[in-house]
Amino acid sequence: MYIANATTLTHAATLAMLQSAVARAEEIGQPQCIVIVDASGVALGQIRMNGAKFLSLKSAESKARTAASIRAPSDAIPEAVGPAIAAATDNHVTRLGGGLPILMNGQCVGGIGVGSGSAEQDVDVAMAALRKIGAETGAFGA
């Protein structure tokens, strides 16, 4: 009653996801900022690839935290509430595409946010990271 067992991402999973995301970004020729957070939104790893927009690191972090918090893609935030929820959370929640939850066996263990390309490129890179560790991707158009 006073404790809960939880599945958590390891540092090995974080590194594998970052490596896979970087490889995919290189394949498509779009340098990216990539941030991985745990289920509570704490950053586990991040990278800004050479040539990626430096401010995209902030949006990638917001995308990752949003996806982990709502356990859905960051762009699932309704457009009508996007500005208000961003303001209310000091821009820690965003409706920009490129953030995906990391789901393992139906449990959200974190989020990944990618930024610096188009929303489609960002999601493509995030999907590569999810596939690397066997995370669920079916709901995101894999």
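Residues numbered from 1 in each chain as written. Predicted model: local features only at pLDDT ≥ 70, side-chain atom pairs only at ≥ 80, totals over all residues. Heavy atoms only, no water.

**Section: the overall build of the protein**
Phase 1 of the analysis: What the protein contains, in helices and strands, is four helices and four strands.
Phase 2 of the analysis: The helix and strand sequence of the protein, counted from the amino end, reads α-β-β-α-α-β-β-α.
Phase 3 of the analysis: Taking the principal axes of its C-alpha atoms as reference, the protein extends roughly 50 × 35 × 25 Å.
Phase 4 of the analysis: Long-range pairs, those at least 24 residues apart, make up 61% of the contacts in the protein with a sequence separation of at least 6.
Phase 5 of the analysis: Carbon and sulfur atoms provide 55% of the accessible area of the protein, an area that totals close to 7,400 Å².
Phase 6 of the analysis: When the 10 positive and 11 negative side-chain charges of the protein are each reduced to one mean point, those points stand 3 Å apart. (Helix = DSSP H or I, 4+ residues; strand = E, 2+ residues; numbered from the N terminus. Contact = heavy atoms within 4.5 Å. Areas by Shrake-Rupley, 256 points an atom, 1.4 Å probe, with all protein chains shown as cover. Lys, Arg positive; Asp, Glu negative; His and termini not counted. Charge placed at Lys NZ, Arg CZ, Asp CG, Glu CD.)

**Details of the nonpolar core**
Inside soluble globular proteins, nonpolar side chains tend to come together where they are buried.
Phase 1 of the analysis: Formed by 26 residues in total, the largest nonpolar core has its most connected members in M17, I34, I102, I112, L130 and I133.
Phase 2 of the analysis: At the level of secondary structure, the elements contributing two or more residues to this core comprise α1 (11-28), β1 (33-38), β3 (99-104), β4 (107-115) and α4 (119-132).
Phase 3 of the analysis: If you look at the next biggest cluster of nonpolar residues, it comprises seven residues, including C33, V37, A52 and A64. (Core = buried A, V, L, I, M, F, W, Y, C linked by side-chain atoms within 4.5 Å. Buried < 20%, exposed > 50% of the residue type's maximum accessible area, 1.4 Å probe, protein only.)

**Details of the sheet that holds β4**
Phase 1 of the analysis: Across the sheet, which stays open at both edges, the four strands sit in the order β2-β1-β4-β3 with antiparallel pairing between neighbours. Lying at the two open borders of the sheet, with one neighbouring strand each, are β2 (43-48) and β3. Each strand axis lies, on average, 15° off the axis of its neighbour in the sheet, ignoring direction.
Phase 2 of the analysis: Relative to β2, β1 runs antiparallel, the two sharing five bridges. Pairing of I34 across the sheet is with I47, part of β2. (Pairing = 2+ DSSP bridges. Axes fitted to C-alpha atoms, helices over the stretch in contact; angles between N-to-C directions.)

**Observations concerning the pairing of β3**
Phase 1 of the analysis: In terms of burial, β3 is largely enclosed, as five of its six residues are buried.
Phase 2 of the analysis: Taking the residues that link successive antiparallel strands as the turn, the β3-β4 hairpin has two residues, and the phi of N105 there is positive, at about 55°.

**A closer look at the layout of surface pockets**
Phase 1 of the analysis: Volume-wise, the largest pocket comes out at about 160 Å³.
Phase 2 of the analysis: If you go around the largest pocket, the residues you meet are K58, S59, E61, S62, R65, A86, D90, N91, H92, V93, T94 and L96.
Phase 3 of the analysis: Per-element accounting of the lining of the largest pocket gives the leading share, five residues, to helix α2 (residues 56-70).
Phase 4 of the analysis: Counted by class, the lining of the largest pocket contains three nonpolar, five polar and four charged residues. (1 Å grid on protein atoms, 1.4 Å probe; cavity = no way out; pocket = protein on both sides within 12 Å on 5 of 7 lines; lining within 4 Å. Points joined across faces, edges and corners; volume = space filled by probe spheres on them. Nonpolar A, V, L, I, M, F, W, Y, C, P; charged D, E, K, R; others polar.)

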